[in-house]
Amino acid sequence: MAWNILMVLVAWLISSLCRSWAQPPCPDWAAERATHEISALQQQMAKWDEAYFLRGSSPVSDEIYDQMAQRLKSWKQCFLTNSSSSNSALEPTSPRNTLSHPVAHTGLNKLENEAAVRDWLKGKESVWIQPKIDGVAVTLHYQHGRLKSMISRGDGLIGQDWTKASASISAIPKKIPDDEAYTVLQGELFLKVTDHQQKRDGGINARSKVAGAMRLKFLSSETANQLEIFIWGYPDGPAEMPQRLNKLARLGFPLAEQYTHAVTDVVDVEKWREYWYQQPLPFVTDGIVLHMAQQPASVLWRPSPPGWAAAWKYPLKSSVTEVKDVQFSIGRSGRINAVLLLEPVTVDDKRVSRVSLGSVMRWQQWDVQPHDQVSVVLAGQGTPHLEKVIWRSPERVIVNAPDRGKYHSLSCWHYAPGCEQQFIARVVWMAQSLGITGVGEAFWRELAQSGELSDLDDVLALTEHRLMSRGMGINRAQRLSAAIERIKLVPSAAWLRALGMPSTLADCGWEYTGCKLSVTQNKQYRQIWQDKEWLGLMERLRLQGVAAFNPFSVSDLAADSQIPVVPNGSAVPVDER
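Cut-offs and rules
- Residues numbered from 1 in each chain as written.
- Predicted model: local features only at pLDDT ≥ 70, side-chain atom pairs only at ≥ 80, totals over all residues.
- Heavy atoms only, no water.
- Phe/Tyr/Trp six-rings, centres within 6.5 Å; stacked < 30°, edge-to-face > 60°.
- Buried < 20%, exposed > 50% of the residue type's maximum accessible area, 1.4 Å probe, protein only.
- Pairing = 2+ DSSP bridges.
- Helix = DSSP H or I, 4+ residues; strand = E, 2+ residues; numbered from the N terminus.
- Axes fitted to C-alpha atoms, helices over the stretch in contact; angles between N-to-C directions.
- Contact = heavy atoms within 4.5 Å.
- Arc of directions from axis to C-beta.
- Parallel < 35°, antiparallel > 145°, perpendicular 65-115°, else oblique.
- Left-handed = near helix turned anticlockwise from the far one by under 90°.
- Nonpolar A, V, L, I, M, F, W, Y, C, P; charged D, E, K, R; others polar.
- Disulfide = S-S within 2.5 Å.
- Salt bridge = Lys/Arg side-chain N within 4 Å of Asp/Glu carboxyl O.
- pLDDT = per-residue confidence, 0-100.
- Core = buried A, V, L, I, M, F, W, Y, C linked by side-chain atoms within 4.5 Å.

Novice: Quick question: what am I supposed to make of the packing of aromatic side chains here?
Specialist: To describe a pair of aromatic rings, one takes the distance between the centres and the angle between the planes. Within this structure, the stated rule accounts for 18 aromatic pairs. Taking 5.2 Å as the distance between ring centres and 45° as the angle between the ring planes, the aromatic pair formed by W301 and W308 counts as tilted. Each member of the pair W301 and W308 is classed as buried. Put simply, the rings of W29, W75, F79 and W391 pair up and form one aromatic cluster.

Here you go:
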């Protein structure tokens, strides 16, 4: 017996060391900025607490709240020498109406993945698994079988006195068939639900509803009847798990016996974890908990995660992360898209480091900048989406978007400062549209950066000899140069589409014969053919041997009275964005 207790204590010590190693890296902040960030986040957490407990509203989900609470705790551990951050989420500290726990609440280490679970199981015997109920942790303290007090977890040593409220909760026995001088039980007060499938339904803010109800001065009978308790801790109870579970059931707490199972390896753990994740349950869960049957005497319990129990949580549906930067991409049509570069985060088992926001206008509506904290979810087909700006940092860096007035469907026909992105996008689109394969964006960008690709028609000058002189193999150079020769025979409509003209207008060709266009399309068509850069490109393509433009010349087009040409300037194009 003494040897078993010693092994448990050794496991506890090792887990404590692992916790210190597993802390997330500290931000690279000066002391002044750290103080500012911590203070601002504390104020935000206080506002959320006030909304939860005083107004009964939920500005953020339990999942988001937990992540932000953990972030604040981590920052304090990084920068504050006397950090006291052990309070559980959704339970603000209050000096009034508190009681000391007869046995400390220990908390749980979080195992990140299957490999961590496998490592945790090594050398352990008699391990049991339970669903991790998403509720509010409490202590039930009985004396000679009668309920003396119910205490919220608090900081693990002291919590709120919820004894008065417990009297209204029928699921909590006021008297148990136990003549012991005192009996201490620890468990989860949770919201009863029907056929809840965690994978489908998510957290539904069940924990905040329970916490908010328990903070009210009066607990209505309707609310009290929606509450149930799951006992997961029986300090100084029977030594073996089956006997412990059986006794809990006899005391009036049957759920633990129903939902606790022995496991021998990680395969067993994964089986139950997946089963509870997908099957209908009468409570909300956020993972599973592993318990060793053997536990030390309660006098040795401390308000920190022990070595005899650990949790493996379900994948986050919504993950909080920091915006590292905002980048802008300019497409071939001049459309500017905003992309958030994120501190890498896992969302539902997928690693996410960037999120596209779409247009600059949408980015401006989000009002998100570097150092802000945002939540990310996966939408259809696993595409990352920005869900919400959780918190705007007091140290946010203001990023300015490119001037939208400089970029449009007739801008950036040359590789020049400020036009790099749109020009390369034009080249990529043109090559793909005309059937040039085997090379991608990186190839065209390298050519442009080396000065060999300044205009779109420079693509046609890439001969087999020039390609090989750049280090391309003979076979690949022959295939690419042959493809470039073939595009000279492509019809004019295909060429015009490849150069960015909308399909309806491209089908009209440059002759403008037999076309029926709307007023807007007609205006756009005329603007394109009045643009001097466009006309110059058409002339250069003709000179490069593109058959579709052999009959074309600027002077002939100017003679066409239907399409007046402005050779010394260009009209402002229609903005299709």
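Novice: How should the sheet that holds strand β5 (residues 146-152) be read in this particular structure?
Specialist: Note on sheets: strands pair through backbone hydrogen bonds, and any given pair is parallel or antiparallel. Taken in spatial order, the four strands line up as β5-β4-β7-β8 in an open sheet, and their pairing is antiparallel. Two strands bound the open sheet, and with one partner strand each, they are β5 and β8 (227-233). Averaged over all neighbouring strand pairs, the angle between strand axes comes to 35°, with direction disregarded. Relative to β5, strand β4 (residues 136-143) runs antiparallel, the two sharing six bridges. Each bridged residue has a counterpart across the sheet, and for V138 the counterpart in β5 is S152. Of the strands in this sheet, β4, β5, β7 (182-191) and β8 are in contact with helix α7 (residues 206-215), which crosses β7 at around 120°.

Novice: Please explain helix α14 (residues 441-449) as it appears in this structure.
Specialist: Along an α-helix, a turn takes 3.6 residues, which lines up residues three or four apart on a common side. Among the residues of α14, F443, W444, L447 and A448 are the ones counted as buried. Take α14 and look down its axis: the buried residues cluster within an arc of 130°, on one side only. Away from its buried face by more than 90 degrees, α14 exposes A442 and Q449. Close packing links the buried residues of α14 with α13 (420-433), α15 (464-469) and α16 (474-486). One or two residues past the end of α14 sits G451, with phi positive at roughly 90°.

Novice: Sorry if this is basic, but what is going on with the packing of helix α4 (residues 114-121) against helix α11 (residues 266-278) here?
Specialist: Each pair of packed helices gets described by two things: the angle between the helix axes and the distance between those axes. As a packed pair, α4 and α11 sit with axes 9 Å apart at the nearest point and diverge in direction by 130°. Between α4 and α11, the interaxial angle falls into the category oblique. Read as a crossing pair, α4 and α11 show a hand that is right-handed. Of α11, the residues touching α4 (which contributes E114, V117, R118 and L121) are V266, V269 and E270. Here the contact of α4 with α11 is built from residues that sort into four nonpolar, no polar and three charged.

Novice: Explain the sheet that holds strand β3 (residues 127-133) to me, please; I cannot follow it from the model alone.
Specialist: Strand order in the open sheet formed by five strands is β2-β11-β10-β3-β9, with mixed pairing between adjacent strands. Across the chains shown, the open sheet's two edge strands, defined by having one partner strand only, are β2 (109-110) and β9 (261-263). Strand direction decides the pairing type here: β3 and β9, joined by three bridges, are antiparallel. Bridge pairing in β9 places V127 opposite V263.

Novice: What should I look at first to understand the state of the cysteines in this one?
Specialist: Formally, a disulfide is one covalent bond, and it connects the sulfur atom of one cysteine to the sulfur atom of another. Tallied over the entire structure, the rule returns three disulfides. Each sulfur in the disulfide pair C26 and C78 lies 2.0 Å from the other. When the S-S torsion is -85°, as for the bridge of C26 with C78, the disulfide is left-handed. Separated by 52 residues along the polypeptide, C26 in the loop between α1 (2-21) and α2 (31-55) and C78 in helix α3 (residues 62-79) bring together distant segments of the chain. What makes C78 partly exposed here is its relative accessible area of 24%. Here the cysteine-cysteine linkages of the chain are recorded as 1-2, 3-4, 5-6, numbering only bonded cysteines and doing so in sequence order.

Novice: Please clarify how the pattern of salt bridges should be interpreted in this entry.
Specialist: In a structure, side chains of opposite charge can pair up when their charged atoms sit close to one another. Within the structure shown, the criterion is met by 24 salt bridges. A salt bridge links D201 to R200; the shortest N-O distance between them is 2.7 Å. Here E343 makes a salt bridge to K324, at a shortest N to O gap of 3.5 Å. With E343 in strand β13 (residues 336-347) and K324 in strand β12 (residues 319-330), this residue pair connects regions lying 19 residues apart in the sequence. Bridged by salt links that share partners, the residues D367, D372, R392 and R396 form one connected network.

Novice: Is there a simple way to think about the confidence of the model for the chain in this case?
Specialist: Low-pLDDT portions of the prediction should not be read for the details of their coordinates. The share of residues in the chain with pLDDT of 70 or more is 87%, and the mean pLDDT across the chain is 87. Note that residues 85-89 has pLDDT below 50 and, in this model, 14 contacts with residues that lie over four places away or in other chains.

Novice: When you look at the nonpolar core in this model, what are you seeing that I'm missing?
Specialist: Where a protein is soluble and globular, its nonpolar side chains tend to be buried together. Of all hydrophobic cores here, the largest spans 65 residues; its most connected members are L140, I169, L189, M214 and L290. Sequence-distant contacts of M214, defined by excluding residues within four places in its chain, comprise M150, W162, A165, I169, L189, L219 and L227. Core analysis: the next-biggest nonpolar cluster, separate from the first, contains 48 residues, W413, V428, L505 and L535 among them.

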